[in-house]
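Each chain, letter by letter, is given below.
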Amino acid sequence: MQSTETIISFSDLALSAPLLQAIREIGYETPSPIQAASIPPLLEGHDLVGQAQTGTGKTAAFALPILNNIDTSRREPQALVLTPTRELALQVAEAFQSYARHLPDFHILPIYGGQGMDTQLRQLRRGVHVIVGTPGRVMDHMRRHTLSLDGLTTLVLDEADEMLKMGFIDDVEWILEQSPPERQIALFSATMPEAIRKVAKHHLRNPREAKIENKTVTVEAISQRYWPVTGTNKLDALTRILEVEDFDAMLIFVRTKIATEELAEKLEARGYSAGALNGDMSQALREKNVERLKKKTLDIVVATDVAARGLDVDRISHVINYDIPYDTEAYIHRIGRTGRAGRKGHAILFVAPRERRMLLAIEKATRHRIREMRLPTREDIAERRVEQFKELVMNTLESEELSFYREFVQKLGKEKNLAPLDIASALTFLAQKERPLVPAEKSSHTEHFDDGRDARKRADRSERPERGAEKRERFTRDFDDTGVLYRIEVGRNDGVAPKDIVGAIANEAGISGKSIGHIKIYDEFCTVSLPADMPAQTLKRMERIHIMGKPINITPWSGEPPPASFSRKRTYPPKRGE
Ligand code: AMP
């Protein structure tokens, strides 16, 4: 098994140039451990058993080898990925699509129950290279002979233990039996219950194994907490933590090089001295940022795992795992950047609902319970700002030469007949104008406190979605509804599922669930299609809806359609009547 110690790069993995280019653009720095262990044997055509959970990068571990070997001139399914849920099927299809951005004419089709058969049939007839689907619906198509696996070269069972739990195992076995005997099989599962081992034993030929080792270590000097990502977006949560946490220097971990820069910029915009550290930066620039951190001209460094390897700066009091690491080993490396030179260190981990399993693995590996933390409230922040201001006043009185100012205040009082208390109050207000001692109530669409920097934040938002924007140029909308698209401000980071959206809109706006069209979940927001003839009153009612404790702030989607379908505009201009 490739350990995270031995860093290999994507270019060592014998992947084709268009895939390497896509990976570069997406910003992955190095293969995750499961990728380093799975990609070479899969490229060589071996069967594989991969023990890995969500969050480890397992999707790319099978998607990249499949894409590498796909022959786009052959218009038939060459790979089939079975997933336990429709949600996962869509996510996997989206990941494939993004890795395949430079493969002309590549087509992938997600198929799952609950979606109209017609759309699927139409797309199948047009010809697709990869199918991602739930076992039941895949089986339906096979039985109707609308899907043939004769040309299949690779079959992936994703989250096999979940498929077992959901009672799909017989369907999965049936599909395996109907597929050509020569196909390659990759089985991924977070756990390996007996029934899954049996499937592997029965259907896989001499499989290679890829497993994430979870070594245990002790991390006594570090206090560890986690925040479950719900209700508030991660950037707002981080901003609040930064306000209240007593930190000297902070190291924040994210997954991609692009994210290091984006987050550092956003923190700078909020008044922190923050810089990025990633593998794309020149050695000189990286060293400069580390030096600045040591010399205290930089307080926050946003880094990828690789760039922060071996970073040894005593004043790092906090490590924030803004994006969860792929494995426990990486977590231990990360938090080991604090608590150095006999000092106490603090580690905070952001855990989205679907990453809970990784949290448990980390607790096991570090043999420590990780305490759940609550986010600082407005009151906490007010209290902190007041304390800081008092200190500032005391320090100024102690260390500055103020006789000129005393005289000035005295004169001002006399001239305008003002009490010293009134003057001091006005000056306090002015001094804290940008950062009011009591933060304003939450702004209309986030829980971020309005500290005068919200305008900038809103500007950031209008540039969003970073990941979606690029895709929007490439995709066209072709789902079967004729509704109008809206954007709502809850997303994957809040832990929202389509059923929450349907439930809230149906109940609170009084629309029937049936007329709620396609829902697409992004990290920070969702899009939902609603009837074009919806009365204004209904929309008004919708404006008051909260989902996952957040106001949804529904607005009509403006601009290009978001990436809602998985076929390319260039190749399939929507035909009349379709
Ligand atoms: P998965 O375990 O496949 O659900 O992936 C979890 C997340 O990790 C996804 O957001 C991926 O985009 C991201 N990811 C996958 N591979 C890498 C990599 N090598 N470097 C950085 N991020 C990655």
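Residues numbered from 1 in each chain as written. Predicted model: local features only at pLDDT ≥ 70, side-chain atom pairs only at ≥ 80, totals over all residues. Heavy atoms only, no water.

A. Structural view of the overall build of the protein. When you go through the protein residue by residue, the secondary structure sums to 21 helices and 20 strands. Counting the 578 residues in the protein, one finds 53% classified as buried. In the protein, of all internal contacts separated by at least 6 residues, the share reaching a separation of at least 24 is 76%. Roughly 26,800 Å² of accessible area belongs to the protein as shown, and the carbon and sulfur atoms make up 51% of that amount. (Helix = DSSP H or I, 4+ residues; strand = E, 2+ residues; numbered from the N terminus. Buried < 20%, exposed > 50% of the residue type's maximum accessible area, 1.4 Å probe, protein only. Contact = heavy atoms within 4.5 Å. Areas by Shrake-Rupley, 256 points an atom, 1.4 Å probe, with all protein chains shown as cover.)

B. Layout of the pairing of strand β13 (residues 345-351). Along β13, 6 of the 7 residues are buried, which leaves the element largely enclosed by surrounding structure. Here strand β8 (residues 222-228) pairs with β13 via 7 bridges, running parallel. Looking across to β13, one finds that Q224 is bridged to A347. Bridge count between strand β12 (residues 316-321) and β13: 4 bridges; the pairing is parallel. Paired with I320 across the strands is I348, a residue of β13. (Pairing = 2+ DSSP bridges.)

C. Highlighting the packing of aromatic side chains. Enumeration over the complete set of coordinates arrives at 8 aromatic pairs. Between F62 and F188, the ring centres sit 5.5 Å apart and the planes meet at 50°, which makes this aromatic pair tilted. Of this pair, F62 sits in helix α3 (residues 58-69) while F188 sits in strand β6 (residues 184-189); the two residues are 126 residues apart in sequence, bridging distant segments of the chain. For the ring pair Y522 and F525, a centre distance of 4.7 Å and an interplane angle of 15° mean the geometry is stacked. (Phe/Tyr/Trp six-rings, centres within 6.5 Å; stacked < 30°, edge-to-face > 60°.)

D. Representation of the site of the ligand in the model. Of all residues adjacent to the ligand, which total 14 residues, the nearest are Y28, Q35, T59, R255 and Y326. Within the backbone of T56, an N or O atom sits 3.0 Å from an oxygen atom of the ligand. Within the side chain of Y326, an N or O atom sits 2.6 Å from a nitrogen atom of the ligand. If the ligand stood free it would expose 500 Å²; the protein chains cover 83% of that surface. Residue composition of the shell around the ligand, by class: 4 nonpolar, 8 polar and 2 charged. (Near = heavy atom within 4 Å. Polar contact = N/O pair within 3.5 Å; in protein donor to acceptor, adjacent residues only side chain to side chain. Nonpolar A, V, L, I, M, F, W, Y, C, P; charged D, E, K, R; others polar.)

E. Structural view of the confidence of the model for the protein. With 87% of its residues at a pLDDT of at least 70, the protein reaches an overall mean of 84. Contacts of residues 443-481 to residues separated by more than four positions or lying in other chains number 94 contacts, the stretch itself having pLDDT below 50. Under a pLDDT of 50 for its full length, residues 563-578 has, in the predicted model, 45 contacts with residues more than four places off or in other chains. (pLDDT = per-residue confidence, 0-100.)

F. Region of the structure containing the packing of α3 against helix α4 (residues 86-99). It is the contact of α3 with α4, at a shortest axis distance of 10 Å, that shows an interaxial angle of 50°. One way to sum up the angle between α3 and α4 is to call them oblique. For the pair α3 and α4, the sense of crossing is right-handed. Of the residues in α4, those in contact with T59, A60, F62, A63, L64, I66 and L67 of α3 are V92, A95, F96 and Y99. Split into classes, the residues belonging to the contact of α3 with α4 amount to 10 nonpolar, 1 polar and no charged. (Axes fitted to C-alpha atoms, helices over the stretch in contact; angles between N-to-C directions. Parallel < 35°, antiparallel > 145°, perpendicular 65-115°, else oblique. Left-handed = near helix turned anticlockwise from the far one by under 90°.)

G. Here's a closer look at helix α13 (residues 328-335). Of all 8 residues in α13, 7 are buried; the element is thus mostly enclosed. Listed in full, the buried residues belonging to α13 are T328, E329, A330, Y331, I332, R334 and I335.

H. Representation of the pairing of strand β11 (residues 300-303) within the structure. Alternating residues of β11 divide into I300 and V302 and V301 and A303, and every residue in both groups is buried. Inspection of the sheet shows strand β9 (residues 249-253) paired to β11 by 4 bridges, in the parallel sense. Bridge assignment links L251 to a residue of β11, and that residue is V301. In the sheet, strand β10 (residues 274-277) pairs with β11 via 4 bridges, with the strands oriented parallel. Bridge pairing in β11 places L277 opposite A303. At this point the chain moves from β10, through helix α12 (residues 283-294), to the parallel β11, and the crossover so formed is right-handed. (Right-handed = clockwise from strand over helix to strand, strands pointing away.)

I. Quick peek at the environment of R126. In this structure, R126 sits in helix α5 (residues 117-126). Accessibility expressed as a relative area gives 16% for R126, which makes it buried. Residues R126 and H107, 19 residues apart in the sequence, show an inter-C-alpha distance of 9.5 Å.

J. Spotlight on the sheet that holds strand β5 (residues 154-157). Here 7 strands make up an open sheet; going across it, the order is β3-β4-β2-β5-β6-β1-β7 and the pairing parallel. Each having just a single partner strand, β3 (108-111) and β7 (208-211) make up the two edges of the open sheet. Averaged over all pairs of adjacent strands, the angle between their axes in this sheet comes to 15°, without regard to strand direction.

K. The sheet that holds strand β17 (residues 526-530), seen in detail. Within the open sheet, the 4 strands sit side by side as β16-β17-β15-β20. Their pairing is antiparallel. Strand pairing shows two members of the sheet lacking a second neighbour, β16 (519-521) and β20 (555-556), which therefore form its edges. Both strand β15 (residues 484-488) and β17 contribute to a ladder of 5 bridges, which runs antiparallel. Bridging from a neighbouring strand, I488 pairs with C526 of β17.

L. Main features of the nonpolar core. Ranked by size, the top nonpolar core spans 42 residues in total, and within it L15, F62, L64, F96, F106 and V130 carry the most contacts. Contributions of two or more residues to this core are made by α1 (17-26), α2 (33-43), α3, β2 (79-82), α4, β4 (130-133) and β6. (Core = buried A, V, L, I, M, F, W, Y, C linked by side-chain atoms within 4.5 Å.)

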